[in-house]
Amino acid sequence: MFDEKTNNNNLEKLNRNEEKILYSVDKIVCFACGEKIDKETTVCPYCKTTIK
């Protein structure tokens with residue numbers, strides 16, 4: 001049986017917990033392709049995904 005209330009709570013937690021994986025002080029890891037990119041980058045140069 002599908003528990004809609006539990007599913008909505010999980011979605012809310014995911015939406016609130018937006019985190020960037022830090023590689024170093026100046027680098028992060030793109031969540032889509034896993035490449036190391038500059039922290040100030042808004043679009044991944046490898047996969048063209050928008051980074052928030």
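This text follows the structure it describes.
A few points on the structure. This is a predicted model, so every value here is computed, not measured. (Residues numbered from 1 in each chain as written. Predicted model: local features only at pLDDT ≥ 70, side-chain atom pairs only at ≥ 80, totals over all residues. Heavy atoms only, no water.)

1. Some thoughts on the overall build of the chain
Stage number 1. Per the secondary structure count, the chain includes one helix and three strands.
Stage number 2. In sequence order, the chain lays out its α and β elements as α-β-β-β.
Stage number 3. When each of the 52 residues of the chain is scored for burial, the buried share is 12%.
Stage number 4. Carbon together with sulfur atoms contributes 51% to the accessible area of the chain, which is approximately 4700 Å² in total. (Helix = DSSP H or I, 4+ residues; strand = E, 2+ residues; numbered from the N terminus. Buried < 20%, exposed > 50% of the residue type's maximum accessible area, 1.4 Å probe, protein only. Areas by Shrake-Rupley, 256 points an atom, 1.4 Å probe, with all protein chains shown as cover.)

2. Regarding the state of the cysteines
Stage number 1. Inspection of every chain in the model, using the stated rule, returns zero disulfides.
Stage number 2. No disulfide involves Cys30; its sulfur sits 3.7 Å from that of Cys47, the nearest cysteine.
Stage number 3. On the basis of relative accessible area, Cys30 is assigned to the buried category, the value being 2%.
Stage number 4. Here Cys44 is not disulfide-linked; the sulfur of Cys47 is the nearest cysteine sulfur, at 3.7 Å. (Disulfide = S-S within 2.5 Å.)

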